[in-house]
Amino acid sequence: MLRTSIIRSASIIRAQRFAPAVLSARYMTTGEGATGAGYARPTGEAGGDSFTKREKAVEDYYIRQKEKEKLIELRDKLRQQKKHLDDLDAHIEELTRDHQRSEKK
């Protein structure tokens, strides 16, 4: 009886002594979601990093907005040019009519 109780207590002490060493043998890994892990691919494309994906989405949105503003400005300039050309055509027709009237007299 004494022998089994000594063996049991020794095995419990041994397990408690080595258990922290076994548990502390883990190492941390950086995976998806870790900041800075976005360019893990050899092609340079953004990987699965959520911060990198969000940053790219914000940059793409900003670029789309700037291109949209430029497109609106170009359409406005085109509209102004068309109006100017229509005014010039109307002026040319008016001059042509006046010239034809003066020749008939």
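Draft legend 1. Seen up close, the overall build of the protein. Across its full length, the protein holds two helices and zero strands. Considering the protein as a whole, with its 105 residues, one finds that 4% of them fall into the buried category. Split by element, the accessible area of the protein, about 10300 Å² in all, is 58% carbon and sulfur.

Draft legend 2. Representation of helix H2 (residues 50-104) in the model. Between the first and last C-alpha of H2 there are 81 Å, a value that for 55 residues agrees with the 81 Å anticipated at 1.5 Å per step. Two to three positions downstream of the cap, the backbone nitrogen of phenylalanine 51 sits 3.1 Å from a side-chain oxygen, assigning the N-cap of H2 to aspartate 49.

Draft legend 3. Inspection of the side chain of aspartate 49 at higher detail. Here aspartate 49 lies in the loop between helix H1 (2-23) and H2. Buried charge aspartate 49 goes without a salt bridge, the closest partner of opposite sign being lysine 53 at 8.5 Å. From its side chain, aspartate 49 meets the backbone nitrogen of phenylalanine 51 in a polar contact 3.1 Å long.

Draft legend 4. Spotlight on the pattern of salt bridges. According to the stated counting rule, one finds five salt bridges in the structure shown. For aspartate 60, the salt bridge goes to lysine 56, with nearest N and O atoms at 3.0 Å. Of this pair, aspartate 60 and lysine 56 both sit in helix H2, four residues apart, which is roughly one turn of that helix. For aspartate 60, a relative accessible area of 29% puts it in the partly exposed group. Here aspartate 87 and lysine 83 are joined by a salt bridge, their closest N and O atoms 3.3 Å apart. Of this pair, aspartate 87 and lysine 83 are both found in helix H2, four residues apart, which corresponds to roughly one turn of the helix. Looking at lysine 83, the relative accessible area reads 53%, which means it is exposed.

Definitions and cut-offs
- Residues numbered from 1 in each chain as written.
- Predicted model: local features only at pLDDT ≥ 70, side-chain atom pairs only at ≥ 80, totals over all residues.
- Heavy atoms only, no water.
- Helix = DSSP H or I, 4+ residues; strand = E, 2+ residues; numbered from the N terminus.
- Buried < 20%, exposed > 50% of the residue type's maximum accessible area, 1.4 Å probe, protein only.
- Areas by Shrake-Rupley, 256 points an atom, 1.4 Å probe, with all protein chains shown as cover.
- Expected span 1.5 Å × (residues − 1).
- Polar contact = N/O pair within 3.5 Å; in protein donor to acceptor, adjacent residues only side chain to side chain.
- Lys, Arg positive; Asp, Glu negative; His and termini not counted.
- Salt bridge = Lys/Arg side-chain N within 4 Å of Asp/Glu carboxyl O.

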